[in-house]
Amino acid sequence: MKILKIEFQNINSLKGTHEIDFSKAPFTVSSLFAITGPTGSGKSTILDVIALALFNRVPRMPGNRTISKADIEKFGAVLTRNHKEAFAKITFETNSGHYTSKWSISTARTGNLRDYEMEITDLSSGRLFDLKKSEVPSKNEELIGLSYEQFIKAVLLAQGEFAQLLKAEKKERGELLEKITGTGIYRQLGIRAFQKFKQVNAEIEDRQRDINLLQNDLLEDEAVEQLTKDLAEKSAACAPLEKEVEKLKKNLDLKKNIEEHKKQVSEKEKLKHSADNQLQQFLDQYQNKIEKHEQVQVFAEDLRSWQNLDKTCKEIKEELAAQARNEKENEQNISSCLEKIRAFLKTEPETEKIEDSLQEFSRNVRNLQQQRKDKLNKFDTLKDQFHFEVREVPFKLNGDLDSEEQKLKEMKAAREESLEELREQLKDLNLEDPETEKDRLQQAVQLGRRAQQQASGIEMLSGDIEKAKKEEQDLLPQIEGLPKKIEELSKTSEAVRKDLKIFQLQRENEIITANLEDLRHQLHSGEPCPLCGAKEHPYASGLPPKNDQLQDQIAEAQNNLDRLERAITGYKTSLGHYRKQLAEIQKHLSEKQPQLEAQKRDFEDKFSKINPLGENWELFCSHREQKLQLLEKFEKEKRRLSAIIAGVKIIPEIKEVVSQGKQIKTQLDELYQGNNIDTDCLNLQKSWTGFQHQSKSLKILAEELNRKLERRSGELKLLENSLQPKLTEIDCREIKEALERLMPENAFTELRKKREQLTSQKEQIEASLKTLREQFRNLKNKDVEETEEELTQKLSAAKKQLEELGEECEELRYKQRIHTSCLTKIAAIEKDLAGAKKGIRRWKLLDELIGDSKGNRFNDFAQDLSLSQLLAHANSRLKDLSDRYIIDKPEKDEDDSLVAIDEHMGGQRRSVKTLSGGETFLLSLSMALALSDLASRNVEINSLFIDEGFGTLDPETLDQTLDTLEKLQAESSKTIGVISHVDSLKERIATQIRLTRNGQGYSSLEIVG
């Protein structure tokens, strides 16, 4: 993977649009470049742009998570202050092709941030990948072959973390290595192995405790044998007692059964008596009625037919009476409708031509209405035309045309007078060509405002120069005095350093000449001797005094030397800062003074001609703006006067149309005052036609009813003649009497069913009574001599004896069941345990190998392997940087920090803590490059960025390091960026991305080479 181009806009302090194209000069000439600039100028922002465009993440963002608009608003990150949009765009090359990945964000009209957008484009086809924005980082991982964490480690090398790793103790080194390599999974695996074994082993221990509890409930073998014997004896004794109890129960049940049958016989006899009474009452009440119905039932159909015909004839007569009333009402309606038509037409129309008269009247009214509508339309047209003409004047027609015409004439006179006044005020302008005059005045105002603005800028620049001169005068005394102070402190520091060296030599001499007296000084009463182990020390007393003052003198001298060096460093830093500040001020003055002179000359050339008298620029502009306003007012008044004149011409036409409309309305009101002539005529026409049609229909219906009545009356007479002989046979005088005897069919059916039901019920009761009497006699023959009380007493005694034996047996059986249940449960648990113990062997083995509660065991093992692999790659890289050192892990008797094997000193092993800053940098750089090799071992990485750390190198080592980087770049065709502010490094690397701060929190970017 190789980065070809970086493009971005408004990211952090880098305002505006920027482009870094690695496929163009100067990067094509030298692929080793430096990113330089002061602290806070935006060097790391370039690295942020890369991560943002590819993964929507920034290494410096808290939580190292994907960025949302909420993060941008909360932390004020990514988007440049006071700007509304930003983007980050990366063009990169992989084995699969060339691609562009873009991240962007913008602000809505409401002022709120929109959500970010991301996209990937395949440059070979120009096709945009069809992806959601959340899917773009994953697609970039697929195209590059590295995750975000791997990409950061492989491309962005922060050697500072490895400087900590070199000097860290074992425990801290493991944590740092875990963080740098992202291998925290091994710690989690160790914890999970420990927790899993603890969980499954706890279940087995719980089951074993269950077995122990169950074994406590088991009986001894002798107790089980005795329990079985006692249970058999007591069970045998229960059998005769159970037979005796059963026999007594049967005898008692027999006596109860006899008594129950006696009661049932008595109840059935009562039911039989009740059934006889119910049947007799029914026959007395309904028998005669049923017999009469059965007499007429033979010709019941003819009777019902006669009844229906008689009812039909009566209904037809009622309809005829109603028909006569309707005919009379229809005649009245026709007469009323004719009167309405005469009043509506205001004439006496002929009855046969009423419809024609109504249609002709409707046409006349519609003609008048159309004429009135035309006049109204013309009035509206003239009114709209009037309002259009006078749109420049706030004037509306409200009804009184004469007074409004007078108002317009007065307004016309007022406008003419106002125009004359404006002409007098604008007499120095050509009012025949106002547009040209307006353009001339506007140009003068624009030039005046520009001159006013430029004059203000010149004034501000002058103030800025004066301020810089004052700051220069304030800095000069500081710069002149500080070197003297530094020189004085340096002399004092040198003297203290000499004293310290003398004290240290004295101390070394004491150590070299140390003898038995030193060991005697270390003996304390009650503590064992390190040589013989005795707790009594007769030679510990009478010691010569020990010189501890020398150590205090060394400490005091060292503190004084540190204090002096800090003071010297502080003064040097301040002097460098003041000199740099003075250089910046002098550079600022050298730039701004020529700029001020140039601005003054430019101002004189541009604006002296338009204001030769030197009038105040604000008054100059205001005077011409007033002229512009008067000229616009003149044009507006002129337009209003033209509008008023046009309106005055239209009002007479409106008055004429209104007069004609009133005449037409008078004619129309005399003829018709309704709302809808067509509807009124149609309603009257429908009413007249409807009443005529109704009259004809009523006559036809009356004739039909008379014919129907005549037919039904004949049928009724014939039926009466056929029924008369049948009525005589049953001694019935007329048909109505026969109809009275005839019951409804459903009523007759109900009575018949009721009679049959009562008869059947009586027969069933008699049969049941006979059966009960027979059963009672049989039961009486089986009865025993003992009374019920005697049987009850015997049964109670036998039951009591049987219950006592049963309770004893049940208690024995319960003990037997408990014992058997415990044996069964123990067998089942032991079977489960055998399988469970077999199943957790792997978890036990895994816990023994890698498990512990904090995951340290497996993590330490994995990090040790990672460290070995990392050191192997680092030493390979270190050969190119220096042939003196090899990095190795510490041995058991050495310090916990990593070891540097010094090949120039015969392979002497030294703690990395004893190395100089430059040597430490070389080792940490080699480890950072090694991590990049590990992270990208399956992917070719052709773009590297190396962070700060070059400031600790001496010139020779710096040259050697840069030679190595150039060699690495040449051999691998990698593009390598070095982030630094070291001046010598800037001079050595010609190709640079140079960042400078511009003030107000913004920075600018420049590519040089």
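What counts, and at which threshold
- Starting from 1, residues in each chain are numbered consecutively following that chain's sequence as written.
- Thresholds applied to this predicted model are a pLDDT of at least 70 for local features of residues and 80 or more for the giving and counting of side-chain atom pairs; totals over whole chains, interfaces and linings are not thresholded and use all residues.
- Hydrogens and water are ignored here; the side-chain numbers use all heavy atoms of the structure.
- Secondary structure elements are defined from DSSP: runs of H or I of at least 4 residues count as helices, runs of E of at least 2 residues count as strands, and each element is numbered from the N terminus.
- Here's how the labels work: a residue is buried when its accessible area is under 20% of the maximum for its type, exposed when over 50%, partly exposed in between, all with a 1.4 Å probe on protein chains only.
- Note that accessible areas follow from Shrake-Rupley with a 1.4 Å probe, and for residues the cover is restricted to the protein chains shown.
- Any helix carries an expected span of 1.5 Å times its number of residues minus one.
- Like-charged residues are merged into a patch within 9 Å and nonpolar side chains (Val, Leu, Ile, Met, Phe, Trp, Tyr) within 5 Å, provided each residue has over 30% relative accessible area and no salt bridge.
- The term salt bridge refers to a side-chain nitrogen of Lys or Arg lying within 4 Å of a carboxyl oxygen of Asp or Glu.
- In this charge count, Lys and Arg are treated as positive and Asp and Glu as negative; neither His nor the chain ends contribute.
- Positions of charges follow a simple convention, taking NZ of Lys, CZ of Arg, CG of Asp or CD of Glu.
- Helix axes are fitted to C-alpha atoms over the stretch in contact, other axes to C-alpha atoms as well, and angles between N-to-C directions run from 0 to 180 degrees.
- Note on terminology: angles under 35 degrees are roughly parallel, angles over 145 are roughly antiparallel, angles of 65 to 115 are roughly perpendicular, and the others are oblique.
- The crossing is said to be left-handed when, going from far helix to near helix, the turn is anticlockwise and less than a right angle, and right-handed when the turn is clockwise.
- The nonpolar class holds Ala, Val, Leu, Ile, Met, Phe, Trp, Tyr, Cys and Pro. Asp, Glu, Lys and Arg form the charged class, and all remaining residues, Gly among them, are polar.
- As used in this record, nonpolar core signifies buried Ala, Val, Leu, Ile, Met, Phe, Trp, Tyr and Cys residues forming a set joined through side-chain atoms within 4.5 Å.
- Contacts are assigned to residue pairs with any non-hydrogen atoms lying within 4.5 Å of each other.
- In this description, strands pair whenever DSSP reports at least two bridges between them.
- Centres within 6.5 Å make a pair out of two Phe, Tyr or Trp rings, where for Trp the six-membered ring is used; the pair is then stacked when the planes are under 30 degrees apart, edge-to-face when over 60, and tilted otherwise.

If you check an unreviewed UniProt entry, the chain appears there as Exonuclease SbcC from Salinimicrobium sediminis.

Another aspect to go through is the overall build of the chain. When you go through the chain residue by residue, the secondary structure sums to 24 helices and 15 strands. Sorting the 1009 residues of the chain into buried and exposed places 35% on the buried side. Entry remark: accessible area of the chain is about 62,400 Å², with carbon and sulfur atoms responsible for 48%.

Under the 1.5 Å per step criterion, the end-to-end length of helix 10 (residues 354-389) is 53 Å for 36 residues, consistent within 8% with the ideal 52 Å. Taken together, the buried positions of helix 10 are occupied by Ile354, Leu358, Phe361, Ser362, Val365, Leu368, Leu382, Phe386 and His387.

A word on a negative patch on the surface. A cluster of like negative charges, contributed by Glu220, Asp221, Glu222 and Glu225, occupies part of the molecular surface. Looking at the element boundaries, Glu220 is found in the loop between helix 7 (185-216) and helix 8 (221-296).

On to the packing of helix 11 (residues 401-425) against helix 15 (residues 617-671), then. Packing of helix 11 against helix 15 brings their axes to within 9 Å, and their N-to-C directions diverge by 160°. Viewed along their axes, helix 11 and helix 15 adopt a mutual orientation that is roughly antiparallel. Between helix 11 and helix 15 the crossing geometry is left-handed. Among the residues forming the contact of helix 11 with helix 15, the class breakdown is 15 nonpolar, 3 polar and 14 charged.

Here we come to the nonpolar core. Formed by 83 residues in total, the largest nonpolar core has its most connected members in Ile6 and Phe151. Looking at which element gives the most residues to this core, the answer is helix 1 (residues 43-55), with 9 residues. Formed by 28 residues, the second largest nonpolar core is a distinct cluster that contains Ala468, Val496, Leu561 and Leu582.

What follows is about the environment of Gly714. Tracing the backbone through its elements, the reader meets Gly714 in helix 16 (residues 677-729). On a C-alpha basis, the gap between Gly714 and Leu309 in space is 10.0 Å, while along the polypeptide they are 405 residues apart.

Turning our eyes to something else, we now look at the side chain of His819. By secondary structure assignment, the location of His819 is in helix 19 (residues 788-839). Setting aside residues no more than four positions away along its own chain, His819 makes contact with Leu218, Leu219 and Val224.

Here we take up the sheet that holds strand 10 (residues 899-902). Read across the sheet, 3 strands follow the order 9-10-11 without closing on themselves; strand pairing throughout is antiparallel. Both outer strands of the open sheet, strand 9 (885-888) and strand 11 (908-911), are each paired with one neighbouring strand and no more. Strand-to-strand twist across the sheet, computed as the mean angle between neighbouring axes with direction ignored, equals 30°. When strand 10 meets strand 11, the two strands line up antiparallel, connected through 4 bridges. Along strand 11, the bridge assignment pairs Ile901 with Arg909.

The next subject is unusual backbone geometry. A cis amide bond, omega 5°, links Ala25 with the succeeding residue Pro26. Among the secondary structure elements, Pro26 is positioned in the loop between strand 2 (14-21) and strand 3 (32-36). Although it is not a glycine, Asn10 adopts a positive phi angle of roughly 55°. Position of Asn10 relative to the elements: it lies in strand 1 (residues 2-11).

Another point: the pattern of salt bridges. Counted according to the given criterion, the structure contains 17 salt bridges. Note that Arg817 and Glu810 form a salt bridge whose closest N and O atoms lie 3.1 Å from each other. Overlapping salt bridges, with partners in common, bring together Lys272, Asp276, Lys762 and Glu766 in one network.

Below, the discussion takes up the packing of helix 10 against helix 16. Any two packed helices are characterised by how steeply their axes cross, that is the angle between the axes, and by the distance between the axes. One can describe the packing of helix 10 onto helix 16 by two numbers: an axis separation of 9 Å at closest approach and a directional angle of 175°. It follows from the interaxial angle that helix 10 and helix 16 lie roughly antiparallel. Taken together, the residues of helix 16 that come into contact with helix 10 (itself represented by Ile354, Glu355, Leu358, Gln359, Phe361, Ser362, Val365, Arg366 and Gln369) are Ile677, Asp678, Cys681, Leu684, Gln685, Trp688 and Thr689. Split into classes, the residues belonging to the contact of helix 10 with helix 16 amount to 8 nonpolar, 5 polar and 3 charged.

Attention now goes to the packing of aromatic side chains. In total, this model carries 7 aromatic pairs according to the counting rule given. Between the aromatic rings of Tyr99 and Phe129, the centroid separation amounts to 6.2 Å while the plane-to-plane angle is 45°, which identifies the pairing as tilted. Separated by 30 residues along the polypeptide, Tyr99 in strand 5 (residues 97-106) and Phe129 in the loop between strand 7 (127-128) and helix 3 (136-144) bring together distant segments of the chain. Exposure remark for Tyr99: the relative accessible area of 6% places this residue in the buried category. What links up through ring pairs into an aromatic cluster is the set Phe22, Phe27, Phe33 and Phe945.

Let us now look at helix 1. An ideal rise of 1.5 Å per residue puts 18 Å on 13 residues; helix 1 measures up with 19 Å between its terminal C-alpha atoms. Within the sequence span of helix 1, burial applies to Lys43, Thr45, Ile46, Leu47, Asp48, Val49, Ile50, Ala51, Leu52, Ala53, Leu54 and Phe55.

Below, the discussion takes up the pairing of strand 14 (residues 992-999). One ladder, built from 3 bridges, connects strand 3 with strand 14; its direction is parallel. Counterpart to Ala34 in the pairing with strand 14 is Gln992. Where strand 14 lies against strand 15 (residues 1002-1008), 7 bridges are found, and the strand directions are antiparallel. Within strand 15, the residue paired with Arg994 across the bridge is Glu1006. Taking the residues between adjacent antiparallel strands as the criterion, strand 14 and strand 15 are bridged by 2 residues, where Gln1000 takes a positive phi near 60°.

Now for the pairing of strand 2. Bridge analysis of strand 1 against strand 2 gives 6 bridges, and the strand direction is antiparallel. Counted as the bridge partner of Lys5 is Asp21 from strand 2. The turn linking strand 1 back onto strand 2 is made up of 2 residues, and Asn12 within it adopts a positive phi angle of 50°.

As for its position among the elements, Phe603 is in helix 14 (residues 549-607). Looking at Phe603, the relative accessible area reads 17%, which means it is buried. As for Phe603 and Ala451, which are separated by 152 residues in sequence, their C-alpha atoms are 7.3 Å apart. If near-sequence neighbours (up to four positions away) are discounted, Phe603 is found in contact with Ala451, Gln454, Ala455, Ile458, Ser608 and Trp617.

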